[in-house]
2 protein chains.
Amino acid sequence: MERRTFVKNTFGLSALALVHPQLVFASTKKERINLGIIGTGMRGRSLLGLFLDRDDVKVTALCDVDKDALARAQQMIVKSGKSEANLFSDGEYAYKEMLDRDDVDAVLIATPWTWHAPMAVDAMEAGKYVGLEVCGATSLEECWSMVRAHERTGAHLMIMENVMYRRDVMAITNMVKQGIFGELIHLEGGYQHDLRHVKFNDGINPYGGGVEFGEKGYSEAKWRTGHSVNRNGDLYPTHGLGPVGNMVDLNRGNRMISLTSTSSKARGLHKYIVDQGGADHPNAKVKFKLGDVVTTVIKTQNGESILLSHDTNLPRPYSLGFRVQGTEGIWMAVNKSIYIEGRSPSHRWEDAAPYLKEYDHPLWIELEEKAAGAGHGGMDYFVANAFVEAVKRDAKPPMDVYDAAAWAAVTPLSEASIAAGGAPMYFPDFTNGKWMK
Amino acid sequence: MERRTFVKNTFGLSALALVHPQLVFASTKKERINLGIIGTGMRGRSLLGLFLDRDDVKVTALCDVDKDALARAQQMIVKSGKSEANLFSDGEYAYKEMLDRDDVDAVLIATPWTWHAPMAVDAMEAGKYVGLEVCGATSLEECWSMVRAHERTGAHLMIMENVMYRRDVMAITNMVKQGIFGELIHLEGGYQHDLRHVKFNDGINPYGGGVEFGEKGYSEAKWRTGHSVNRNGDLYPTHGLGPVGNMVDLNRGNRMISLTSTSSKARGLHKYIVDQGGADHPNAKVKFKLGDVVTTVIKTQNGESILLSHDTNLPRPYSLGFRVQGTEGIWMAVNKSIYIEGRSPSHRWEDAAPYLKEYDHPLWIELEEKAAGAGHGGMDYFVANAFVEAVKRDAKPPMDVYDAAAWAAVTPLSEASIAAGGAPMYFPDFTNGKWMK
């Protein structure tokens with residue numbers, strides 16, 4: 001209890017809501033929510049599994065143009081012993097029929113990226129609470145459209161950024177809010193993930209085994225790889241930006257002002273095709289626009305710099321590359337090390353593990369067992385939990401439409417900066433000044 | 001011998017010259033060189049110690065406006081049992097008298113940064129071989145002035161970048177040249193060194209013990225700190241850039257095209273003064289322009305991106321932050337780890353140590369004993385050795401005036417970019433096209 005009290009006192013409303021909305025919003029409105037899921041591919045079904053474990057969620061509707069994926073999702077529901085969901089699969093706009101139904105309170109959207117914004121807008125227009133999987137936007141207009149739909153309808157949108165709930169990230173956030181790092185100065189994060197086996201597969205299995213993509217690919221290779229063919233920018237900024245942005249209070253007293261992006265040359269994907277499929281494979285002729293490493297540097301209104309790395313085409317171990325640096329200390333994820341002035345031995349790294357244990361977030365201690373087995377090291381449990389609890393109360397989500405818009409805006413701004421030889425690009429203020437409060 | 005042969009075959013001329021000029025330049029001209037040193041402070045005396053250990057160097061002249069520093073240097077010569085040097089100390093231009101002398105073949109310049117270029121130019125005009133300590137330039141014109149002096153006189157300038165000779169850097173360079181990382185894509189380096197105890201001291205001792213600088217400071221605090229008061233940019237780019245620039249053949253088939261720089265807010269130095277000296281200390285009123293973390297991203301002609309970090313005002317462990325990433329692998333210094341596709345366990349970091357041993361540079365194996373005890377982990381021995389061997393042959397140095405100009409240009413370009421809100425700035429081609437050969 002001491003720890004809980006402490007968190008209440010030091011985290012402030014938004015950060016507390018982030019991890020446990022029920023601590024903040026007193027008036028529970030619903031005991032159980034009716035949920036529809038648009039997109040029942042790998043990601044949608046992974047989240048579906050979490051919802052099926054809960055008594056407070058009834059999955060009433062499923063939507064996907066891929067009938068096989070849809071059947072697999074329905075099968076999961078059946079196996080769980082719950083009532084079958086209504087299915088919507090008749091064309092790309094079948095989701096609109098789902099949105100017309102009264103037995104859907106909220107929708108989770110886990111579709112290919114270009115569908116995110118239009119579906120989110122339509123869902124808010126239909127009065128649904130929206131849970132939106134992460135991605136970068138294809139345009140600033142897309143970001144604005146979501147903001148406008150929210151403001152017009154009052155319907156909420158929660159961006160489902162699971163890394164906010166990574167155990168080390170939450171412990172470090174805890175330390176940040178207690179001032180252990182002093183005033184924050186510089187932060188880093190990114191998406192450094194060798195996705196070559198995701199971008200290419202054999203058309204049957206989701207991971208590797210071939211160099212097909214697009215029509216001949218399966219799962220993400222079907223649509224995600226096309227972005228690497230056509231676009232050059234930080235295509236996936238939120239895993240890195242969300243957590244460190246929260247630490248510096250983006251949209252809650254701070255905001256991003258500008259960024260510059262620089263792209264390396266593009267070699268990794270072509271090489272993978274040649275190495276795995278041979279120089280004569282038709283895909284060896286494809287020219288990929290996405291630079292292998294895209295480096296973006298953001299400046300905030302309060303003067304912090306945020307470095308984001310997007311690095312998905314080369315052989316490398318997975319790393320989100322977090323660095324949190326203030327006037328009194330620094331944490332880096334890649335070497336699992338920390339330095340706190342006055343506590344660490346002078347000028348030497350310390351193992352971060354004891355700090356992460358000491359500042360472990362109470363929610364992780366409380367919910368560790370429930371989270372065990374959930375996707376991505378348990379953090380998927382937390383993001384799904386926060387979503388459900390927020391929907392039950394029709395409450396403002398911990399990560400809202402303004403966060404979704406600002407984070408996703410990094411992608412088109414990054415593309416524009418690279419196209420302009422590294423020229424700085426400026427963030428719209430999607431809050432129209434409300435960030436100051 | 002096998003390793004040596006191998007190095008000859010794979011390193012190519014310039015990289016080989018970098019580490020051991022005598023392997024390349026057949027015609028030794030001098031058995032012994034006469035050396036003058038301008039600047040006999042901490043750095044100058046450290047290098048003096050290395051020269052005094054050698055039979056092929058006679059230190060014939062010393063110059064410094066600080067008579068105490070000069071006396072300490074002369075005392076070192078006396079203690080070594082060698083002949084006393086001629087001393088030059090009569091005003092800021094006393095060095096010109098030294099340059100007039102025939103018993104000086106080469107000069108080593110280890111003075112405050114703003115003196116580097118004018119002294120180097122004057123020395124080349126006097127026909128001396130110049131060894132120049134590292135720093136960033138204050139202007140592009142300064143860089144050009146050195147290039148022009150070299151081209152007008154034929155006199156050589158070697159930039160004394162010791163990190164080129166760091167043992168891990170040389171091993172990784174060895175791996176790069178053998179293609180172990182595939183085609184290089186993205187590189188990182190920087191100067192991440194908590195210099196607060198260097199920028200401030202008690203006016204008596206060089207490191208810490210007070211918050212004085214400028215007139216009341218001692219050693220580097222006397223002059224270096226003023227740059228943090230007045231300038232915002234990457235003030236010290238060469239330790240990070242030199243090694244990774246060599247790996248991507250800058251000025252030898254490649255060159256830097258443009259950069260963008262972003263600065264965080266400036267908090268660390270003011271906080272240090274207040275914490276150590278009290279809020280009433282006169283220096284607590286000083287406004288420092290240097291952002292605590294300055295992030296610079298460079299694009300090269302051949303498409304690599306190079307990230308440089310300048311981070312000298314905050315509590316943190318020392319790290320030059322090297323990262324070398326190609327189509328077949330990645331090395332990072334901070335976690336001492338490496339990943340080589342097909343050799344490392346899939347998607348997992350390996351300890352870099354066995355690789356660094358396997359690819360340890362033959363020169364390190366050969367000269368390890370001689371280098372032991374030399375400054376900065378032994379690498380000072382190598383840079384001093386390369387300088388002396390190059391001077392003996394009046395040969396083109398491994399790191400020449402074009403490298404000095406290009407690397408140092410990062411600083412004024414970085415300042416301009418920050419001043420322009422992150423706008424890209426463009427590198428002059430100091431070689432006028434010769435980089436292509």
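Residues numbered from 1 in each chain as written. Chains lettered and ligands numbered in written order. Predicted model: local features only at pLDDT ≥ 70, side-chain atom pairs only at ≥ 80, totals over all residues. Heavy atoms only, no water.

### A word on the interface of chain B and chain A
Between chain B and chain A, the residue contacts involve 51 residues of the former and 51 residues of the latter. Regarding the contact of chain B and chain A, the summed buried area is about 4200 Å², with carbon and sulfur atoms giving 58% of it. Looking only at chain B, the three residues that lose the most surface to chain A are Lys 265, Pro 317 and His 347 of chain B, adding up to 15% of its buried area. Across the contact surface, chain B and chain A share twelve salt bridges. Between Arg 323 of chain B and Asp 311 of chain A there is a salt bridge, with the nearest N and O atoms lying 3.0 Å from each other. At the junction of chain B with chain A, the criterion picks out 22 residue pairs in polar contact (both at pLDDT 80 or more). Secondary structure elements with two or more residues in the side of chain B that touches chain A: β7 (184-192), α8 (196-199), β8 (256-263), β9 (293-300), β10 (305-311), β11 (323-326) and β12 (329-332) of chain B. (Contact = heavy atoms within 4.5 Å. Buried area = accessible area lost by both parts, 1.4 Å probe. Salt bridge = Lys/Arg side-chain N within 4 Å of Asp/Glu carboxyl O. Polar contact = N/O pair within 3.5 Å; in protein donor to acceptor, adjacent residues only side chain to side chain. Helix = DSSP H or I, 4+ residues; strand = E, 2+ residues; numbered from the N terminus.)

### Overview of empty space enclosed by the protein
Using the criterion set out here, one finds ten cavities of 30 Å³ or more in the structure. By volume, the largest cavity is sized at about 360 Å³. Glu 188 and Met 332 of chain A together with Glu 188, Leu 307 and Met 332 of chain B are, among the 28 residues lining the largest cavity, the residues nearest its centre. Secondary-structure elements contributing two or more residues to the lining of the largest cavity are β7 (184-192) and β10 (305-311) of chain A together with β7, β9 and β10 of chain B. Residue classes in the lining of the largest cavity are distributed as nine nonpolar, 14 polar and five charged. (1 Å grid on protein atoms, 1.4 Å probe; cavity = no way out; pocket = protein on both sides within 12 Å on 5 of 7 lines; lining within 4 Å. Points joined across faces, edges and corners; volume = space filled by probe spheres on them. Nonpolar A, V, L, I, M, F, W, Y, C, P; charged D, E, K, R; others polar.)

### Topic: the layout of surface pockets
All names here are of chain B. Volume-wise, the second largest pocket comes out at about 1200 Å³. Together, 44 residues line the second largest pocket, and Met 42, Arg 43, Ala 110, Glu 220 and Trp 223 are the ones closest to its centre. Those elements giving two or more residues to the lining of the second largest pocket turn out to be α2 (42-52), α3 (67-80), α5 (113-125), α8 and α9 (220-230). Grouping the amino acids of the lining of the second largest pocket by side-chain chemistry returns 21 nonpolar, twelve polar and eleven charged.

### Some details on the pattern of salt bridges
Per the counting criterion, the structure on display carries 64 salt bridges over all chains. Close ionic contact of Glu 389 of chain A with Lys 392 of chain A constitutes a salt bridge, the shortest N to O distance being 3.5 Å. A residue pair is termed a helical-turn pair when its members lie 3 or 4 positions apart in one helix, as Glu 389 of chain A and Lys 392 of chain A do in helix α14 (residues 379-393) at three residues. According to the relative accessible area criterion, Glu 389 of chain A is buried, its value standing at 8%. The partner of Glu 125 of chain B in a salt bridge is Arg 152 of chain B, with the nearest N and O atoms 2.2 Å apart. With a gap of 27 residues between them, Glu 125 of chain B in helix α5 and Arg 152 of chain B in helix α6 (residues 140-153) connect regions that are remote in the sequence. A relative accessible area of 40% means that Glu 125 of chain B is categorised as partly exposed. Taking relative accessible area as the criterion, Arg 152 of chain B reaches 53% and is therefore assigned exposed. Three or more residues are tied together by salt bridges with common partners; here these are Arg 54, Asp 56, Glu 389, Lys 392 and Arg 393 of chain A. (Buried < 20%, exposed > 50% of the residue type's maximum accessible area, 1.4 Å probe, protein only.)

### Some remarks on the relation of the copies chain B and chain A
With an RMSD of 0.0 Å, chain B superimposes on chain A once it is rotated by 180 degrees and translated 0.0 Å along the axis. Here the two chains are linked by the operation of a two-fold rotation axis. Among all residues of chain B, the minimum C-alpha distance to the rotation axis is found for Asn 335 of chain B, at 2.2 Å. Comparing interface residues between copies, 100% of those in chain B also sit at the interface in chain A, which points to an isologous, same-surface contact. (Least-squares fit on C-alpha atoms with pLDDT ≥ 70 in both.)

### Side note on the packing of aromatic side chains
Residues and elements named next belong to chain A. The tally for this structure, following the rule as stated, stands at 34 aromatic pairs over all chains. Judged by centre distance (6.1 Å) and plane angle (35 degrees), the rings of Tyr 93 and Tyr 95 are tilted. Taken together, the aromatic side chains of Trp 113, Tyr 191, Trp 223 and Tyr 236 make up a single cluster linked through ring pairs. In this structure, Arg 224 packs its charged tip against the face of Tyr 236, placed 4.7 Å from the ring centre. (Phe/Tyr/Trp six-rings, centres within 6.5 Å; stacked < 30°, edge-to-face > 60°. Lys NZ or Arg CZ within 6 Å of the ring centre and 35° of its normal.)

### What about the nonpolar core?
By size, the foremost hydrophobic cluster in this structure holds 122 residues, and its most contacted members are Phe 51, Tyr 165 and Phe 181 of chain A. Top contributing element to this core by residue count: helix α15 (residues 401-419) of chain A, with eleven residues. A domain split of this core shows at least three residues from each of domain 1 (3-163) and domain 2 (166-364 + 399-436) of chain A. Counting residues in each nonpolar core, the second largest holds 121 residues, with Cys 135, Tyr 165, Leu 363 and Ala 390 of chain B among its members. (Core = buried A, V, L, I, M, F, W, Y, C linked by side-chain atoms within 4.5 Å. Domains from an automatic or database assignment.)

### Thoughts on the sheet that holds β12 of chain B
One key point about sheets: their strands pair by backbone hydrogen bonds, in either a parallel or an antiparallel sense. Residues and elements named next belong to chain B. Spatial strand order, β14-β13-β12-β11-β7-β10-β9-β8-β15: nine strands in an open sheet with mixed pairing. At either margin of the open sheet sits one strand with a lone partner, and together these are β14 (350-351) and β15 (425-426). Against the sheet, helix α7 (residues 167-177) contacts β7, β11, β12 and β13 (337-340), and its axis sits at roughly 5 degrees relative to β13. Here helix α15 (residues 401-419) sits on the sheet in contact with β8, β9, β10 and β15, set at roughly 50 degrees to β8. (Pairing = 2+ DSSP bridges. Axes fitted to C-alpha atoms, helices over the stretch in contact; angles between N-to-C directions.)

### Thoughts on unusual backbone geometry
With a phi close to 45 degrees, Asp 394 of chain A is a non-glycine residue in the positive phi region. Even without a glycine there, the phi angle at Asn 251 of chain B is positive, about 65 degrees. Secondary-structure assignment places Asn 251 of chain B in the loop between α10 (238-247) and β8.

### Re the domain arrangement of chain A
Residue and element names in this part refer to chain A. Annotation of chain A at the domain level lists domain 1 (3-163) and domain 2 (166-364 + 399-436). A straight line from the C-alpha centre of domain 1 to that of domain 2 covers 23 Å. In total, domain 1 and domain 2 occlude about 3700 Å² of area from one another, counting both sides; carbon and sulfur atoms represent 70% of this. Counting across the domain 1 and domain 2 interface gives one salt bridge. We note a salt bridge from Glu 151 to Lys 434, for which the minimum N-O separation is 3.4 Å.

### Description of the pairing of strand β4 (residues 106-109) of chain A
Residues and elements named next belong to chain A. Side chains Ala 106 and Leu 108 project from β4 onto one buried face, and the interleaved Val 107 and Ile 109 project onto a second face that is buried too. Sheet analysis places strand β1 (residues 33-38) next to β4, joined by four bridges and oriented parallel. Considered in β4, the bridge of Ile 37 is made with Leu 108. Taken together, the four bridges between β4 and strand β5 (residues 129-132) define a ladder with parallel strand orientation. Bridge pairing links Leu 108 to Gly 131 in β5. What joins β4 to β5 is helix α5 (residues 113-125), and the crossover it makes is right-handed. (Right-handed = clockwise from strand over helix to strand, strands pointing away.)

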